[in-house]
Amino acid sequence: METIEIKVNGETHTITADPNTPLLYVLRNELELNGPKFGCGLQQCGACMVLIGSQAQPSCMLPVSAVSGKDIRTLEGLVSKNGDLHKVQQAFIDEQAAQCGYCMNGMIMQGVSISEQEPEADERRIRERLQINICRCGTHCRILKAIKKSIAP
Amino acid sequence: MKYSNKPGRRNFMKQLGSVSIGFSLFGSLSCLTENEKELAMVFEHTPKNERIDSWLQVLEDGSIEIYTGKMELGQGISIAIMQVAAEELNIPVSRIAIHLAETGITPDEGITAGSRSIETSAMSVRQAAACAREILMEIAGTSMKLPVNELVLEDGQIRGREEVKNFHELLQGNQIERAAYEPKEYYGKTQRNIVGKPVKRPDLEKMVRGETFYIHDMRFPEMVHARVVRPPVYGAVLQSIRQEELDLEPGFLKLVRSGSFLGIITEGEYQAVQLQQKMTDRCKWYVTKELPQYENLTNYIKSLPADTQTDVENGNLAEAQQNAQITHKAVYSKPWIMHGSNGPSCAIALFDKEKLHIWCHSQGVYPLRETIAKMLNIPVTDIHIKGVPGSGCYGHNPADDVAAEAAIMAMEFPGRHIRLQWMRQEEHAWEPYGTAMLMEHKATLDSTGKITSWNYELWSDTHSTRPANGDPANLLPGRYLDKGFEAPQGGGWRGGTIRNAEPLYSLDNFKLTSHSFSGPLRVSALRSLGAYANIYGIECFMNELAAKAKADPFEFRIRHLNDERAINCLKELQRMTTAVNPESGEGFGIGFARYKNSASYCAVAALVGFSENKPAIKHMWGVIEAGECINSDGLKNQTEGGMIQSASWTLMEQVTFDREHITSTDWYSYPMLRYPEIPKIEVTVIDRPDLPPSGAGESAQGPTAAAVTNALFKATGSRIRDLPLSK
Ligand code: FES
Ligand code: FES
C-alpha cells in the first residue's frame, strides 16, 4: 500500500492503494465515479476509457502509480459546473446514440479526444480511432453520427 | 366506486426509504430496521395483475409512477411504456416515472423475453391508464358537479368551469384499487399525440452524465467484494485447496465453499480480483468430463443421440416429390455463438435479519426468486429481488448465475452487501451460448417455378435453460454446490428450436422434422432463439430456389406469399434499394421473415464486397413493420442494432473449445464486428396504427443473416452454407 496523488477532473485526490491497482478500480471504487466502466480489463473494448491530457486511453490495465500527476478526465468531468453537457455528450442525446449504453463512456471519451486532437477527422479516420471501442448492441451508426456532428470546433 | 383509504403503495414505499423507489434511492438497507412491518410487505405481497393500482399510482405532486414487471435491457421498453401511459392520461412523459421489475412491488410478468414486453406489459399499462383516466374523469365530474363531457383533461389535470384539480387532489391521496376493465376509448388509438412519436429516452440523460444507473454503479456503505474461483471445465470436482496464510492476503474476509463451489470475499474489489487468480492456481480439480473434439460440425451433430419428432406435416410430400420438375437440396449450419455482453454480469446481495436481498439485472425477478429459494432451501417469502439495468444481455446471459452466486456468499457472510462481478474471461467461457444448429432443406419446383414441396429437417439443442421452472441446476452454481443439482440434460423445450422453422410462404406440401440433441456446451436463449438459424436457412434456400426457377428473389418470394403485410414489407425494401447497383466483386442479397410467424415483419437487404480478402458488408437496408408503432426511433434503433449484431454473428462469430474448456475467452479469440467494418444502415418503419403493436427486438436477426449470405454468394458465385462466413 502506498499513498498516491491523482488529479481527476481538476481535483487532486490522495488515495492509499497498491500502486499496481489499475486506475479503473480507483476511479470507480475510491472516487465513486460511474463513467469509466469495466468491460474486459484487457484493453480490448474501450468501456473503461478516460482522457489523459487529450488522449483517450483504457484505464483497466493502467497502474494508478503511472498516472500520478497527470491530468485525468472522466465522463463526469466533461459536464460543466453549471450542469451543461459537453457538445459530444449532447450529441449522444440528440442522436439517441445508445441502446444499453454500456459502451457510451468509451465512445464519448474517444469522441472528445478526436475533437481535441483532430477536429477535422473524416469518417474513415473516426472509424479508425473507434476501432478499440466495441458496442455489442449495434448502435454504431448513431454513435458515429453523434461524434461526426459534434467534433468540429 | 371503491377507492383505497389506506396509504398508497408509494407512501408505504417511501417509508421503506431505500428498498425500491426508482433508481435514485440506492441507500443502505440498514435504515429499514425501524420499518420492519412495512418491509415485511415486500416479502409477502405480490401486486395483482388485474388491478389498476398494480400498474399505476398517482404521486403527491400529481405525477404518475408506472410499475412494470419487465426489465430495461437497453431495448427501450421503459420509454415505450411511459409513452402509452402518458397518452392515455394526457400528461407529459416527463411527469411519468417508471419502476422496473421488483418482487413484492411490481406485478409478476415472468421473464422479459421473446419480444413480448410491448404486447404484454405496455398493453397492461395502457389499459390501466385508460381506465384510470375514465375513473378520474368520473370523480372529477362528481366533485365539480359537471357532466364528464364538459371537463377538459390536460397536462395531468382536469379542468371544470371554475376549478382545476390534479390527479392526486381528485383521489385525495388514495389509489385506484379497482380491477382494470375494457375502457371506452384508447387515446393511443384515437388521438396518438405521444404514441408513435420518436420521444427521447430519459435514461440516456443519466448514462451520458455518468449518474448511477447500472447495477455496476450501485454502492452501499460497508459493501464488500467477491469473486468466484472457476473449475477448469464444466465437469470438474474440487479436490483440494491450499488455504495456507489466506488470512494474510490483503483485505481477505472469507472463503465460501460448498461442494465444488468456491467464492472469496474481500474488502476491496481489486483484492478479490488478485485473490481469484491466486486461488485458481491453488485449487486441485478432478475432471469428470472432457469436451469432445471433432473435424466437422455437421457430422458431429448428426452423430449425437437425438429425440426426433415430426412437428408439421401438410399435404402429400412423397407425391409432390415424385412429380417434381426440379429438386434441390442444401444443408446449412451455425456454430455456438455467445451473448457476449459488453459489461460482465454483476449482482449485489445482502443477508440481513434472516432476509435475503438481491439487486441484479435478471430478466425475470420472480422466477429467479423461486429458483434461488429452492437452491438455498429457504422460503420464497424470505427473498426480495430488485431488478437494476445491466449491460445489454440479448437473452439469457449470466445475469441469473451471478445473482445466485452473490446470494450463496451473502448467506455465509451476513450483514454486509456483497458485490460480485464476473471477469471478462468468465463471461466468455461460462455463459449459456446460443446452440449450434443444423438445417437440411429439400424442395421441389414445377415448370412454372412454383414450390411444390418442401422438406425441412433440423437439429438443435434446447434454446432455454432459464431458471424459470424453479430448477436450481439452471443456475450455474447450482451444479457445483454440495447438494449437487444435476446439470440440465439439454434437449428439453422445443419451442425455441422450431421458432420460424415453418416458412411463411404458402406451401401445399410441407414437412418439418426436428431432432433435439444434448450438446457438449452450456446453452440457453440467445436473441431470437432458433429463429436466427431457421430463417437464415430458409431465406438462403429461397434464393437458391429462385435461382433454379430463374426468378428474381423479390418476385419469387412475393409469388409465394399471400400475406399482404409481408408483401408490403418486401415491396418497401425493393423500393428502398432499386437504385443499388453492385460494382464488380460486390453482391446484393435479401432476407425476410415475420418473427415467430406471428409478430413483426422484417425485410433486410445487404450489399457485400471484399476488403483484404475478407467479406465486407458495405451497406444494409431494413424495413420493419411491427403493427402499431409506439416509438418510431426506438423501433429503428432496435432494428439497426439487430442488423449489426446479426451481421457480426453471421460474418465472424463462433465459440471455440478444446478438450479442456472454452478457448474463445476474450475479444481477440472471439472477434466481433468493429468500427472500420460497420456498414452504412438505413431502416424504414412501416407504422400500422390500425393494428395491435408487436415486439420487434428480435425480428432482424434471421433476415440479416440470409441477406448477408445471399449477397456474398452474388459477389463470389460460390455459396457458403456453414456459418460464420469468414472463418
Ligand atoms: S475494460 Fe478496459 S478496454 Fe475493456
Ligand atoms: S449500446 Fe449497448 S454496448 Fe453499445
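Quick caveat, the model's predicted, so the values are computed rather than measured.

The rules behind these values
- Residues numbered from 1 in each chain as written.
- Chains lettered and ligands numbered in written order.
- Predicted model: local features only at pLDDT ≥ 70, side-chain atom pairs only at ≥ 80, totals over all residues.
- Heavy atoms only, no water.
- Helix = DSSP H or I, 4+ residues; strand = E, 2+ residues; numbered from the N terminus.
- Buried < 20%, exposed > 50% of the residue type's maximum accessible area, 1.4 Å probe, protein only.
- Contact = heavy atoms within 4.5 Å.
- Areas by Shrake-Rupley, 256 points an atom, 1.4 Å probe, with all protein chains shown as cover.
- Pairing = 2+ DSSP bridges.
- Axes fitted to C-alpha atoms, helices over the stretch in contact; angles between N-to-C directions.
- Domains from an automatic or database assignment.
- Buried area = accessible area lost by both parts, 1.4 Å probe.
- Salt bridge = Lys/Arg side-chain N within 4 Å of Asp/Glu carboxyl O.
- Polar contact = N/O pair within 3.5 Å; in protein donor to acceptor, adjacent residues only side chain to side chain.
- Phe/Tyr/Trp six-rings, centres within 6.5 Å; stacked < 30°, edge-to-face > 60°.

When helices and strands are counted, chain B shows 19 helices and 24 strands. With the C-alpha coordinates aligned to their principal axes, the bounding extent of chain B is approximately 80 × 80 × 45 Å. Classification of the 727 residues of chain B by burial places 64% in the buried group. Residue pairs at least 24 apart in sequence account for 79% of intrachain contacts in chain B once pairs closer than 6 positions are excluded. When the accessible surface of chain B is summed, it comes to about 25700 Å², and 47% of that surface belongs to carbon and sulfur atoms.

For the rest of this paragraph, the subject is the sheet that holds strand β1 (residues 56–58) of chain B. All names here are of chain B. As summarised here, the arrangement of the three strands in space is β1-β2-β3, forming an open sheet in which the pairing is mixed. Both outer strands of the open sheet, β1 and β3 (96–99), are each paired with one neighbouring strand and no more. For this sheet the average axis-to-axis angle between neighbouring strands, irrespective of direction, equals 25°.

Here the focus is the sheet that holds strand β6 (residues 164–166) of chain B. Residue and element names in this part refer to chain B. With antiparallel pairing, three strands are arranged side by side in an open sheet as β4-β5-β6. Edge strands, defined here as strands with exactly one partner in the open sheet, are β4 (152–154) and β6. Recorded for the sheet is a direction-independent mean angle of 25° between the axes of neighbouring strands.

Turning our eyes to something else, we now look at the domain arrangement of chain B. Residues and elements named next belong to chain B. Taken domain by domain, chain B comprises domain 1 (3–197), domain 2 (216–287 + 345–422) and domain 3 (298–336 + 433–463 + 499–716). One C-alpha centre belongs to domain 2, the other to domain 3, and the line joining them spans 39 Å. Contacts between domain 2 and domain 3 engage seven residues on the former and 13 residues on the latter. Among the residues of domain 2 in contact with domain 3, Y234, Y394 and H396 are the three that bury the most area, contributing 67% of the side total. Notably, a salt bridge pairs R522 with D401, separated by 2.8 Å at the nearest N-O pair. Across the contact surface, domain 2 and domain 3 share five residue pairs in polar contact (both at pLDDT 80 or more).

This part takes up the side chain of Q421(B). With respect to the helices and strands, the residue Q421(B) is situated in strand β17 (residues 418–421). Note on Q421(B): relative accessible area 2%, which makes it buried. At 2.7 Å, the side chain of Q421(B) forms a polar contact with the side chain of R419(B). Ignoring any residue separated from it by four or fewer positions in sequence, one finds Q421(B) in contact with F38(A), H216(B), A226(B), R227(B), E269(B), P344(B), S345(B) and C346(B).

For the rest of this paragraph, the subject is helix α1 (residues 23–30) of chain A. With respect to burial, α1(A) is a largely interior element, six of its eight residues being buried. The complete set of buried residues in α1(A) reads L23(A), L24(A), Y25(A), V26(A), L27(A) and R28(A). Residues of α1(A) that are buried make contact with β1 (2–8), β2 (11–17), β3 (50–52) and β5 (71–73) of chain A together with α9 (269–282) of chain B. Following α1(A) by one or two positions, E32(A) has its phi on the positive side, about 55°.

Residues and elements named next belong to chain B. A cis amide bond, omega 0°, links L723 with the succeeding residue P724. Mapped onto the elements of the fold, P724 is located in the segment after α19 (701–716). Of note, D155 is a non-glycine position whose phi angle comes to about 55°, a positive value. Here D155 shows up in the loop between β4 and β5 (157–159). Look at Y394: it is not a glycine, yet its phi comes out positive at around 60°. Inspection of the secondary structure puts Y394 in the loop between β16 (383–387) and α13 (399–412).

What follows covers the packing of aromatic side chains. The relative placement of two aromatic rings is captured by the distance of their centres and the angle of their planes. Evaluated as defined, the whole model comprises 14 aromatic pairs over all chains. Their ring planes at 45° and their centres at 5.2 Å tell us that Y25(A) and Y270(B) sit as a pair that is tilted. Of the two residues, Y25(A) is situated in helix α1 and Y270(B) in helix α9; the pairing between them involves two chains. With a relative accessible area of 6%, Y25(A) lands in the buried category. A relative accessible area of 18% means that Y270(B) is categorised as buried. Note on Y532(B) and W649(B): the rings are 4.9 Å apart at their centroids and 90° apart in plane angle, and the pair reads as edge-to-face. Of the two residues, Y532(B) is situated in helix α15 (residues 531–548) and W649(B) in helix α18 (residues 632–652); the sequence distance between them amounts to 117 residues. As far as the burial class goes, Y532(B) and W649(B) line up, both buried.

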